[in-house]
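Chain and residue survey
Chain by chain, the residues run as shown.
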Amino acid sequence: MVSAISKTKKNLIDVAQQLFAKKGVENTTMNDIAEASQRGRRTLYTYFNSKYDIYKAVIESELNVLYSRLEEVIKRDIPADEKLILLAFTRLSAVKEVVTRNGTLRANFFRDIWQVENVRKEFDRKEISYLEEIIQDGCNKGLFGLKNVKQTAVILHYAFKGLEVPVIRGTLKLDYNKKEDRDTIADILIKGLYGRS
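Everything numeric in this text was worked out from a predicted model, so none of it was measured. (Residues numbered from 1 in each chain as written. Predicted model: local features only at pLDDT ≥ 70, side-chain atom pairs only at ≥ 80, totals over all residues. Heavy atoms only, no water.)

1. Observations concerning the overall build of the chain
Put simply, the rule is: Only DSSP runs of H or I with at least four residues qualify as helices, and only runs of E with at least two residues qualify as strands; both kinds are numbered from the N terminus onward. Think of it in three bands: residues with accessible area under 20% of the maximum for their type are buried, residues over 50% are exposed, and the middle band is partly exposed, with areas taken using a 1.4 Å probe on protein chains only. We call two residues in contact when some of their heavy atoms are within 4.5 Å. The Shrake-Rupley method, run with a 1.4 Å probe, gives the accessible areas here. Residue values count only the displayed protein chains as cover.
What the chain contains, in helices and strands, is 10 helices and 0 strands. Across the chain, helices and strands are ordered from the amino to the carboxyl terminus as α-α-α-α-α-α-α-α-α-α. Counting only residues that meet the buried cut, the chain has 43% of its 197 residues in that class. Counting contacts in the chain only where the partners sit at least 6 residues apart, residues at least 24 apart contribute 72% of the total. Of the accessible surface of the chain, which amounts to about 11,300 Å², a share of 51% is contributed by carbon and sulfur atoms.

2. Considerations on the packing of helix α8 (residues 121-140) against helix α9 (residues 149-169)
In a packed pair of helices, the relevant descriptors are the angle between the two axes and the axis-to-axis distance. Basically, it comes down to this: For helices, the fitted line uses only the C-alpha atoms of the stretch in contact; every axis is such a line through C-alpha atoms, and the angle between N-to-C directions lies from 0 to 180 degrees. Throughout, the term roughly parallel applies to angles under 35 degrees, roughly antiparallel to angles over 145, roughly perpendicular to angles from 65 to 115, and oblique to all others. Should the near helix be turned anticlockwise from the far one by less than a right angle, the crossing is left-handed, and should it be turned clockwise, the crossing is right-handed. Following the grouping adopted for this structure description, the nonpolar residues are Ala, Val, Leu, Ile, Met, Phe, Trp, Tyr, Cys and Pro, the charged ones are Asp, Glu, Lys and Arg, and the polar ones are all others, Gly among them.
Viewed as axis vectors pointing N to C, α8 and α9 meet at an angle of 125°, and their least axial separation amounts to 8 Å. Taken together, the axis directions place α8 and α9 in an arrangement best described as oblique. The handedness of the crossing between α8 and α9 comes out as right-handed. Every residue of α9 that contacts α8 at Asp124, Glu127, Ile128, Leu131, Glu132, Ile135, Gln136 and Cys139 is listed here: Val149, Lys150, Thr152, Ala153, Val154, Leu156, His157, Phe160 and Lys161. Residues that form the contact of α8 with α9 fall into these classes: 9 nonpolar, 3 polar and 5 charged.

As structure tokens, then:
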């Protein structure tokens, strides 16, 4: 029974995501979601109290995609400096894919950034812990010379976040496959971490 409930809820989230992308969040009603999912409004309200709850679930669903992409990087057996660069490119690419995939949600992403920020707090905490893990590994192996790993992780997290909007809008084009782009990110975000000889 639990899997059937999860499947129904997932279906409602998927349908809502498609409608939000097509019509926009503001122009989508709970009734639209119920009809498009071929479920009654009662079923919809069993899982969600409001359209905001569904919107939040859509964002959380997309953040889970980001989690899995970042976890793939974390599991890689590569040096900490390379892992930080790969993490930066992976997250920027994944964020752009999520926003682009959601059509008119793209406009909402910029218009209602505080709502998105509220939902992504847990993602941010998780990313900071990933960064701490990588940086601590680099310190343990003598690659980085840092006194405050946690603060460095928080600063890097916000530096990565600062790149999101220009990357999404296409005003900043970064490609992991281009050595020049990797070197630029390394120069800006990482080289200051290397220990002094």
